[in-house]
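Geometric and topological summary
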Amino acid sequence: MFTATLLTNPVSRGLDPALVETLRNAWGGGDALWLAPDEAAEFAIPFIPSNRWDIWADLQGHGVDLVVQPAANRRKKMLLADMDSTMIQQECIDELAGEAGVGAHVAGITARAMNGELDFEAALLERVGLLRDLPEGVIAQVLASRITYMPGGAVLVATMKAQGAYAALVSGGFTAFTAQVAAALGFDENRANTLLVADCRLTGDVARPILGQAAKVAALDDITARLGITAADVLAVGDGANDLGMLGRAGTGVALHAKPAVQAQCDIRINHGDLTALLYLQGYGRDDFVG
């Protein structure tokens, strides 16, 4: 059996009950269960419909996300999340570059790297090199004035942890940011790259080995082994090309507001919902949310 989930942005809440019923009837689904009024609903179906992606594309034009996934083992024991443009609304390296006066240039490189057009490690080193001699104190300034959290993130983490799940933040960004973001959102651990500093200024380099796509997969394997669970028990979420490895390995891999090249390789795509969409995908209703 499979579960079809339809959801919208929780602010606009524009999910039409008639639309849900029409699709349920067309696909021979079971009774619709509303997880949140006018926002999220699901129903069981016996197989994956052949026109799933045609319907998905049509619903995107109406501001509705559609996900079809196996009904078994939807509720996960571990959350593995990217940070930049996933748990926060910015790319930290772009914000640091803005302070260094090279924001537009670095943002262009970041966009291409996250869409898989550039080698991640080479692109990271090129961008970090442009931060050379930036005062270390700028990191705290950026955290305080430029970084905002993605809607729904704190609720996602708190709700999953209340059900016994483990939460890990893994980023190709920097530990100076992941440490604060992880603490603020309630993650159990965080992994990222370390910006090197000398005489209170950035050196323009990062510590080795560099945490990229392979390291995110390794984090998934390491943590699940330690917890005594499997990759099938993991919900992973990210938006960039360096997230594809962990998204593909996790039992549920979610491309959240992701780059086109990333969406093309993921079956679960959330473009309209916020991070609470990941709770609806697991069958949680809004009344189950914590925080």
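In what follows, the structure referred to is the one given above.
These numbers come from a predicted model, not from an experiment.

Concerning the nonpolar core
- One finds Leu-79, Leu-96, Phe-174, Phe-177 and Phe-187 to be the most contacted residues of the largest nonpolar core, which totals 61 residues.
- When sequence neighbours within four positions are dropped, the list of residues in contact with Leu-96 reads Leu-131, Leu-134, Val-138, Ile-139, Val-142, Phe-174, Phe-177 and Leu-195.
- One finds Met-78, Ala-168, Ala-255 and Val-262 within the second-largest nonpolar core, a separate group that totals 20 residues.

Points about the pairing of strand β7 (residues 189-193)
- The pairing of strand β6 (residues 166-174) with β7 spans four bridges and is parallel. Following the sheet pairing, Phe-174 is matched in β7 by Asn-193.
- Assessed by its sense of winding, the connection that carries the chain from β6 through helix α8 (residues 175-185) to β7 is right-handed.

Brief notes about the packing of aromatic side chains
- Scanning the entire structure with this criterion turns up two aromatic pairs.
- Ring geometry for Trp-53 versus Trp-56: centroids 5.7 Å apart, planes at 75 degrees, classification edge-to-face. You can see Trp-53 and its partner Trp-56 sitting in helix α2 (residues 52-60), three residues apart, about one turn around the helix.
- Assessed through its relative accessible area of 28%, Trp-53 is described here as partly exposed.
- Directly above the ring of Trp-53 sits Arg-269, whose terminal nitrogen or CZ lies 4.1 Å from the centroid.

Remarks on the sheet that holds strand β11 (residues 252-256)
- Pairing is parallel in the open sheet, where six strands are placed in the order β7-β6-β5-β10-β11-β12. Edge positions in the open sheet fall to β7 and β12 (268-270), since each of these has one partner strand only. Ignoring strand direction, the axes of neighbouring strands in this sheet form an average angle of 20 degrees.
- Here strand β10 (residues 234-238) runs beside β11; their pairing, made up of four bridges, is parallel. Looking at the pairing, Gly-238 lines up with Ala-255 of β11.

Some remarks on the packing of helix α4 (residues 103-114) against helix α5 (residues 120-129)
- Contact geometry for α4 and α5: axes closest at 10 Å, N-to-C directions at 170 degrees. For the element pair α4 / α5, the angle class is roughly antiparallel. Taking contact as the criterion, the partners of His-105, Val-106, Ile-109, Thr-110, Ala-113 and Met-114 in α4 are, on α5, Phe-120, Ala-123, Glu-126 and Arg-127.
- Partitioned by chemical class, the residues of the contact of α4 with α5 number six nonpolar, two polar and two charged.

Things to note about the sheet that holds strand β2 (residues 33-36)
- With antiparallel pairing, four strands are arranged side by side in an open sheet as β2-β3-β1-β4. Unpaired on one side and paired on the other, β2 and β4 (65-70) mark the two borders of the sheet. Averaged over all pairs of adjacent strands, the angle between strand axes in this sheet comes to 25 degrees, irrespective of strand direction.
- Alignment of strand β1 (residues 2-7) against strand β3 (residues 40-45), held across six bridges, turns out to be antiparallel. Within β3, the position partnered with Leu-7 by the bridge is Ala-40.
- Contacting β1, β2, β3 and β4, helix α1 (residues 17-26) runs over the sheet at an angle of about 10 degrees to β3.
- Packed on one face of the sheet, α2 meets β1 and β4 and runs near 150 degrees to β4.

Some words on the pattern of salt bridges
- Tallied over the full model, the rule gives 15 salt bridges.
- A salt bridge links Arg-24 to Glu-21, with the nearest nitrogen and oxygen atoms 3.0 Å apart. With Arg-24 and Glu-21 both in helix α1 and three residues apart, the pair spans about one turn of that helix.
- Two residues, Arg-146 and Glu-95, come together in a salt bridge whose shortest N-O distance is 2.8 Å. Here Arg-146 is found in the loop between α6 (138-145) and α7 (153-162), whereas its partner Glu-95 is found in helix α3 (residues 92-100), with 51 residues between them in sequence.
- What you see here is one network of salt bridges that share partners, running through Glu-189, Arg-191, Asp-222 and Arg-226.

Cut-off values and rules
Residues numbered from 1 in each chain as written. Predicted model: local features only at pLDDT ≥ 70, side-chain atom pairs only at ≥ 80, totals over all residues. Heavy atoms only, no water. Core = buried A, V, L, I, M, F, W, Y, C linked by side-chain atoms within 4.5 Å. Buried < 20%, exposed > 50% of the residue type's maximum accessible area, 1.4 Å probe, protein only. Contact = heavy atoms within 4.5 Å. Pairing = 2+ DSSP bridges. Helix = DSSP H or I, 4+ residues; strand = E, 2+ residues; numbered from the N terminus. Right-handed = clockwise from strand over helix to strand, strands pointing away. Phe/Tyr/Trp six-rings, centres within 6.5 Å; stacked < 30°, edge-to-face > 60°. Lys NZ or Arg CZ within 6 Å of the ring centre and 35° of its normal. Axes fitted to C-alpha atoms, helices over the stretch in contact; angles between N-to-C directions. Parallel < 35°, antiparallel > 145°, perpendicular 65-115°, else oblique. Nonpolar A, V, L, I, M, F, W, Y, C, P; charged D, E, K, R; others polar. Salt bridge = Lys/Arg side-chain N within 4 Å of Asp/Glu carboxyl O.

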